[in-house]
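Structural features, examined
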Amino acid sequence: MDAQTFYRSKKHDQEVRLIPSDSEDSELEEIDSEEEWTPESGLRETGMPDDNESLDEEENEDEASQEDVPRLPRWRTPHNANITNYPEWQAGLPKSDDIKSPYEYFKMFFSEDILEVVVEQSNLYAIQCNTNKPLNLTTKELEQFMGTAVYMSLFGLPGTRMFWNKATRVSQVADTMSLNRWEFIKKCLHFNNNEVRQGENVDPLHKIRPLVTHLTSKLQTIPMGEKLAVDEQMVPFKGRNRLKQYLPIYTGRVVQPPELPDVGASGNVVLRLAQPIPKHQKHKLFFDNWFTSVPLILTLAQQGIHCAGTVRSNRLPGVSMMCDAELKRTGRGSFDQKTAMVGETTLHAVKWYDNRPVSLLSDYIGAHPVTDVDRWDGKQKKEYNKNMGGVDLLDSLIALYRTKIRSKKWYHRLMFHFIDMTTVTAWLLYKRDCSSTGMSKEEQIRLYTFKSYIGESLCKSGKNLEHKRGRPSSTIAGEYKEKRRRGPATPIPVPDVRLDATAHWMVMDEKKGRCKVPGCKGTPKAKCQKCDVRLCFTSTSNCFLRFHTE
């Protein structure tokens, strides 16, 4: 690893200081046992008595010498600047032949099957709350609700009712559905049946588990690149819930699957998340010091997954690094490196000093080669810093146009967060496909425009935007039937033809004629070519639209 892998020095301090050539190997206590250290065996400090050992060392000396004690990694200081061979990725990303629409990318995640589940559970929840007020939600209307949420994230008004207010009205939202209907859908929005919760072992995410499971399966189908990152993510929420934390959402203790080794609570999270990664294809996985440990890296190395991450000093058993004060005296750019062989895996531990000391642990990169770099050169980034920021980049893109719809229900907050997350993910997939087809960055759609296309498609694609206020009025067919009772009436097309929304073109006749909408006294020249009836089409009377939709 060259010096750009670590923090860069200032222009007046560009000379990176090499480790002294007379450095001594780290002194480790020898252990009598010849058993090789493995991730499953764990780590034990030498010289520390077990809880079951007697306090009298002389009486138990023979018994202690017979115990099989795992050996700690033997850390050494490399005298030569050995450059580690960089493991080449054994796979590649599939090339895209075409570019989908923003709506199609979004529907890759929120497909019809999960929308039907949400509709079913929301209608059920509305009946459970009040049998006299059914919701009667459909998948089309649910998509419209989601589309209005997307638009709200783009316009960013502080209150949802402002989108319908006369002074701050936003037509993209207000023309899609009424305020009362929107609030009723939001009130009844549900994802799982509360009545099927079982006993004491209640899933903390029970209320939203079907959506989480669905999105997880969809996200895991995305082709993975060479370099991946594991990090936590925060979801802003000010309500009351036991999942609420100062940092990420915490769902309580999770039992490790029996097929995975136990490498500690934080390391187990990485192992579970790394299960979909193809094995032995030399993927590179990055994580921070909350997760990094020797057992974790060795376990992933056995699966053919290389790792790098910052590490806490107490998770480096048996390693003796230069102290912070000594590194500080040596100056910015100084470092200390130790290596250890565990089976066929070489561990590299590096302690680097810039503004403060930072330690890194990896199984495929070390501190060499060392070169002079400009500390503030943004084009030359460390291997770790360049690839660790994937989750942070996702967070920053979500925060640009975050949905800020308030709700006391925590699962609503997660639902809106998932809409934001999948929208950004869809945009990143779009950019990947654009790059594979050779489209320049100037031609690619920006995130704001991409998200607005999704909102428009959700609100209008395949939907009827004709919404009536007040009590439901009678239909054209009902009014025509009533007219025939009063006397003779010219027949009109049957509903299957009149309402098929196909090839109803408006043409202008030479002569005026009576409008065929019952109750209308207009005499328009406009007529429907397919139905062969005259219909009003003016700024005050749109009988043409009413005739073909009622």
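Residues numbered from 1 in each chain as written. Predicted model: local features only at pLDDT ≥ 70, side-chain atom pairs only at ≥ 80, totals over all residues. Heavy atoms only, no water.

Per an unreviewed UniProt entry, the protein chain goes by the name PiggyBac transposable element-derived protein domain-containing protein and belongs to Oryzias latipes.

1. Looking at the overall build of the protein chain
Helix and strand counts for the protein chain stand at 17 helices and 9 strands. In the protein chain, the proportion of contacts linking residues at least 24 apart, taken out of those at least 6 apart, comes to 66%. Surface exposure of the protein chain reaches about 31,700 Å², of which carbon and sulfur atoms provide 49%. (Helix = DSSP H or I, 4+ residues; strand = E, 2+ residues; numbered from the N terminus. Contact = heavy atoms within 4.5 Å. Areas by Shrake-Rupley, 256 points an atom, 1.4 Å probe, with all protein chains shown as cover.)

2. Remarks on the packing of helix 7 (residues 209-219) against helix 13 (residues 410-436)
Two elements in contact, helix 7 and helix 13, have axes whose closest approach is 12 Å; the angle formed by their N-to-C orientations is 10 degrees. In terms of their interaxial angle, helix 7 and helix 13 are classed as roughly parallel. Contacts between helix 7 and helix 13 involve Leu211, Val212, Leu215 and Leu219 on the former and, on the latter, Met415, Phe418, Met421, Thr422 and Thr425. Looking at the contact of helix 7 with helix 13 residue by residue, the classes come out as 7 nonpolar, 2 polar and no charged. (Axes fitted to C-alpha atoms, helices over the stretch in contact; angles between N-to-C directions. Parallel < 35°, antiparallel > 145°, perpendicular 65-115°, else oblique. Nonpolar A, V, L, I, M, F, W, Y, C, P; charged D, E, K, R; others polar.)

3. Concerning helix 7
All buried positions along helix 7 are accounted for by Leu211, Val212, His214 and Leu215. For helix 7, the angular spread of the buried residues around the axis is 165 degrees, confining them to a single face. Along its buried surface, helix 7 packs onto helix 3 (112-129) and helix 13. (Buried < 20%, exposed > 50% of the residue type's maximum accessible area, 1.4 Å probe, protein only. Arc of directions from axis to C-beta.)

4. Some words on a nonpolar patch on the surface
On the surface, a nonpolar cluster with roughly 330 Å² of combined accessible area is contributed by Met506, Met508 and Phe537. Looking at the element boundaries, Met508 is found in strand 7 (residues 506-508). Look at Met508 and you get exposed, because its relative accessible area is 61%. (Patch = residues over 30% accessible without salt bridge, like charges linked within 9 Å, V, L, I, M, F, W, Y side chains within 5 Å. Salt bridge = Lys/Arg side-chain N within 4 Å of Asp/Glu carboxyl O.)

5. Digging into the environment of Leu219
Structurally, Leu219 is set in helix 7. For Leu219, a relative accessible area of 27% corresponds to the partly exposed category. Separated by 110 residues in the primary sequence, Leu219 and Phe109 place their C-alpha atoms 7.4 Å from one another. When neighbours within four sequence positions are excluded, Leu219 is seen to be in contact with Phe109, Met421 and Thr425.

6. Focus: the sheet that holds strand 9 (residues 533-534)
The strand order 7-8-9 describes an open sheet built from 3 strands, whose pairing is antiparallel. Each of the sheet's edge strands pairs with one partner strand only, and the pair in question is strand 7 and strand 9. Bridge count for strand 8 (residues 526-528) against strand 9 is 2 bridges, and the pairing is antiparallel. Paired with Cys528 across the strands is Val533, a residue of strand 9. (Pairing = 2+ DSSP bridges.)

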